[in-house]
Amino acid sequence: MGGTVNPTVSRRRLGSELRRLREISGMTTQQVAERLLISQPKISLLENGHRLIKPRDVRDLCALYGVQDQRRVDHLMQLARESGQQGWWNSYGDISYGAYIGLEAAAAAIRFYEPMVIPGLLQTPAYAQAVIAGTIPHATADQAATRLQVRLRRQSRVGAPRNPLRLWAILDESALWRVVGGREVMREQLDHLIRLSARPYITLQVLPHDVGAHPGVSGQFALLEFADATDVSVVYLERFTSDLYLEKRSDVRRYSDMYAHLQARALGPDRTRHFIDEVVKAYGRTEFCPDLHRSGQGVQRVQEPCPSLS
């Protein structure tokens, strides 16, 4: 995945530590802004990890907060230098979701809920290419190719021999039936999901249509969790023009509770594999499509004419 420095994480850790030092000093962001002759919003952006900070500014803040330990000051100044470096994704040009890639690259575990398509980390190249073409119609051929390259490179965390990313994905049944790229692409993609779900660090569940209304009807979200206790979990909400990152503990707790509800209502991992396998078989048929229903015996097939698959 490139170098060992992750500028996104360095910036977040630095901001978190600066906030902690300010709170220990008893100063408000407004007081700090007045002392250093800068704006109060800038202090907030620095502490939230949303703005770069120069090492000398870190030194000045440490002096203001009364930090006497020079080793701590040097460590924070080093984080400031690292936060100004570029991640591997910057080599691909202007990536609008670079902040998310940085968080994803540092995450120890991610929990997804996806109602419409297969999550990017679990997509086959053909499926990913079709998703990019369909969801970003204004993209040039070069831009689409760059998106695909970045997406496939992100997937190296999934199969990493050391410290693989732990994934828990809950998919709405709609994502399985949305024909992206054609039936053969879908069969390949769903077979890929079945294989991935057999890995010990990947858990896959399907949320069938017949569960009715549920907490995830408002849309896609992901929960990113980090091994370092100093890194606060992040809720990621993908939007068409701009993405949203929630880091308040109350927001993270609310989405964690929502995810627990979805886990409880979705099919278990074994039944999910069987369910997906039935959908794969349906994509292989030319004259019928299945209307899948859950029952006490598992998944039953009701065959009806389906022009959309012919």
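Residues numbered from 1 in each chain as written. Predicted model: local features only at pLDDT ≥ 70, side-chain atom pairs only at ≥ 80, totals over all residues. Heavy atoms only, no water.

**Structural notes on the overall build of the protein**
At step 1: Each helix and strand in the protein was counted, giving twelve helices and eight strands.
At step 2: Of the contacts made within the protein by residues no fewer than 6 positions apart, 69% connect residues no fewer than 24 positions apart.
At step 3: Total accessible area on the protein stands at roughly 16,000 Å², and carbon and sulfur atoms take up 50% of it. (Helix = DSSP H or I, 4+ residues; strand = E, 2+ residues; numbered from the N terminus. Contact = heavy atoms within 4.5 Å. Areas by Shrake-Rupley, 256 points an atom, 1.4 Å probe, with all protein chains shown as cover.)

**Details of the packing of aromatic side chains**
At step 1: If you walk through the whole model with that rule in mind, you get six aromatic pairs.
At step 2: Taking the centre distance of 4.2 Å and the plane angle of 25° together, the rings of Y100 and Y236 count as stacked. Taken together, the positions of Y100 in helix α6 (residues 98–106) and Y236 in strand β5 (residues 234–237) put the pair 136 residues apart, joining distant regions of the chain. As far as the burial class goes, Y100 and Y236 line up, both buried.
At step 3: Ring centres 5.3 Å apart and planes at 40° place the aromatic pair Y236 and Y245 in the tilted group.
At step 4: Residue classification places Y236 among the buried residues on the basis of a relative accessible area of 5%.
At step 5: Connected via pairs of aromatic rings, a cluster forms that spans Y113, F221, Y255 and Y259. (Phe/Tyr/Trp six-rings, centres within 6.5 Å; stacked < 30°, edge-to-face > 60°. Buried < 20%, exposed > 50% of the residue type's maximum accessible area, 1.4 Å probe, protein only.)

**Things to note about helix α8 (residues 141–154)**
At step 1: Helix length check: α8, at 14 residues, gives a terminal C-alpha distance of 20 Å against a target of 20 Å (1.5 Å per residue), a fit within 8%.
At step 2: Every buried residue of α8 is accounted for by L148, V150, R151 and R154. Down the axis of α8, the sector holding all buried residues measures 165°, keeping them to one side. Facing away from the buried side of α8 by over 90 degrees, the exposed positions are A141 and D142.
At step 3: As for α8, its buried residues are in contact with α6 and α7 (125–135). (Expected span 1.5 Å × (residues − 1). Arc of directions from axis to C-beta.)

**Notes on the confidence of the model for the protein**
At step 1: Of the residues in the protein, 89% have a pLDDT of 70 or more, and the chain-wide mean is 85.
At step 2: Overall, residues 292–299 carries pLDDT values under 50, and its contacts beyond four positions in sequence, including any with other chains, amount to 23 contacts. (pLDDT = per-residue confidence, 0-100.)

**Observations regarding the pairing of strand β1 (residues 109–114)**
In the case of a regular strand, side chains alternate between the two sheet surfaces.
At step 1: For β1, the buried fraction is high: six of the six residues fall into the buried class.
At step 2: Here β1 shows two buried faces, one formed by A109, R111 and Y113 and the other by I110, F112 and E114.
At step 3: Direction of pairing for β1 relative to strand β2 (residues 166–172): parallel, over a ladder of six bridges. Directly across from Y113, in β2, lies its bridge partner I170.
At step 4: In the sheet, β1 pairs with strand β4 (residues 221–225) via five bridges, with the strands oriented antiparallel. Looking at the pairing, F112 lines up with A222 of β4. (Pairing = 2+ DSSP bridges.)

**Describing unusual backbone geometry**
At step 1: The residue L37 is not glycine, and still its phi comes out positive at about 60°.
At step 2: Mapped onto the secondary structure, L37 falls in the loop between α2 (29–36) and α3 (40–47).
At step 3: Judged by its relative accessible area of 77%, L37 falls in the exposed class.

**With respect to the side chain of S197**
At step 1: Secondary-structure assignment places S197 in helix α10 (residues 183–197).
At step 2: Residue classification places S197 among the buried residues on the basis of a relative accessible area of 8%.
At step 3: In this structure, S197 is in contact with I202, L204 and R273, ignoring residues within four places of it in sequence.

**Details of the pattern of salt bridges**
At step 1: Evaluated as defined, the whole model comprises twelve salt bridges.
At step 2: The closest approach of N and O atoms between R187 and E184, which form a salt bridge, is 3.3 Å. One end of the pair is R187 and the other is E184, both in helix α10 and three residues apart, which spans about a single turn.
At step 3: Note that K281 and D277 form a salt bridge whose closest N and O atoms lie 3.5 Å from each other. With K281 and D277 both in helix α12 (residues 269–283) and four residues apart, the pair spans about one turn of that helix.
At step 4: What you see here is one network of salt bridges that share partners, running through R19, R22 and E47. (Salt bridge = Lys/Arg side-chain N within 4 Å of Asp/Glu carboxyl O.)

**Thoughts on the sheet that holds β4**
Whenever strands of a sheet pair, they do so through backbone hydrogen bonds, lying parallel or antiparallel.
At step 1: Read across the sheet, six strands follow the order β3-β2-β1-β4-β5-β6 without closing on themselves; strand pairing throughout is mixed. Of all strands in the sheet, those bounded by a partner on one side alone are β3 (202–207) and β6 (244–246). Direction aside, the axes of adjacent strands within the sheet are offset by 15° on average.
At step 2: The strands that helix α11 (residues 249–265) touches are β1, β2, β3, β4, β5 and β6; relative to β4, the one it contacts most, it runs at about 115°. (Axes fitted to C-alpha atoms, helices over the stretch in contact; angles between N-to-C directions.)

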